[in-house]
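The residues making up each chain are set out below.
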Amino acid sequence: MFLSFVVPVYNAAQYLPECLDSLLAQDISDYEIICVNDGSRDASPEILGQYAAKHGNIRVINKENGGVVSARNAGLSSAQGDYIWFVDADDFLPVSYTHLTLPTK
């Protein structure tokens, strides 16, 4: 089972580290994090770039601002997971949350 987290990002610099750290802390091994920068004008693009450079399972899509639905659709188009999980940039998941909520084989 491969999971794709899709994170639409618009001016969320103050929340991004906690959000991304919580996704990276999940106890699953096969997953990707697709962050869609929806035309942010704050430090979000720099934060996303730092995380993507450090973690091979994080991809960043940069696009002009089109709203959250447009950003989710852009992430969905490039997702490779068997399951898709939408996470807003100001959300965070408790450790082991995916293990408790995803179906088992």
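Residues numbered from 1 in each chain as written. Predicted model: local features only at pLDDT ≥ 70, side-chain atom pairs only at ≥ 80, totals over all residues. Heavy atoms only, no water.

A. Molecular detail of the nonpolar core. Within the largest apolar cluster, 22 residues are counted, with the highest numbers of intra-cluster contacts made by F5, V7, V9, L16, L23, I33 and C35. Looking at this core, the elements with two or more residues in it are β1 (3-9), α1 (16-24), β2 (31-38) and α2 (44-54). Contacts of V7, omitting those with residues within four sequence positions, involve C19, L23, I33, I34, C35, V36, V87, D88 and A89. (Core = buried A, V, L, I, M, F, W, Y, C linked by side-chain atoms within 4.5 Å. Buried < 20%, exposed > 50% of the residue type's maximum accessible area, 1.4 Å probe, protein only. Helix = DSSP H or I, 4+ residues; strand = E, 2+ residues; numbered from the N terminus. Contact = heavy atoms within 4.5 Å.)

B. Representation of the packing of aromatic side chains. Scanning the entire structure with this criterion turns up 2 aromatic pairs. An angle of 80° between the planes, with centres 5.9 Å apart, marks the rings of F5 and Y31 as edge-to-face. Taken as a pair, F5 in strand β1 and Y31 in strand β2 lie far apart in primary sequence, 26 residues in all. As far as burial versus exposure is concerned, F5 and Y31 are alike and both buried. Seen from their ring centres, F5 and W85 are 5.9 Å apart, and the 40° between their planes marks the pair as tilted. Placement of F5 in strand β1 and of W85 in strand β4 (residues 83-86) is noted, with a sequence separation of 80 residues between them. (Phe/Tyr/Trp six-rings, centres within 6.5 Å; stacked < 30°, edge-to-face > 60°.)

C. Quick peek at the pattern of salt bridges. Going through the model one piece at a time under the given rule, you end up with 3 salt bridges. Residues K63 and D38 are paired through a salt bridge, measuring 2.7 Å at the closest nitrogen-oxygen approach. Taken together, the residues K63 in strand β3 (residues 58-63) and D38 in strand β2 connect sequence positions 25 residues apart. Residue classification places D38 among the buried residues on the basis of a relative accessible area of 3%. Between D88 and R72 there is a salt bridge whose closest N-O contact spans 2.8 Å. Of this pair, D88 sits in the loop between β4 and α4 (97-101) while R72 sits in helix α3 (residues 68-78); the two residues are 16 residues apart in sequence, bridging distant segments of the chain. (Salt bridge = Lys/Arg side-chain N within 4 Å of Asp/Glu carboxyl O.)

D. Examining the environment of N37 more closely. Here N37 shows up in strand β2. A residue is classified by how much of its surface remains accessible, and N37, at 5% relative accessible area, is buried. Measuring from C-alpha to C-alpha, the distance between N37 and G49 comes to 10 Å, with 12 residues separating the pair along the chain. The contacts of N37, once residues within four sequence positions are left out, are V9, P45, L48, I61, N62 and K63.

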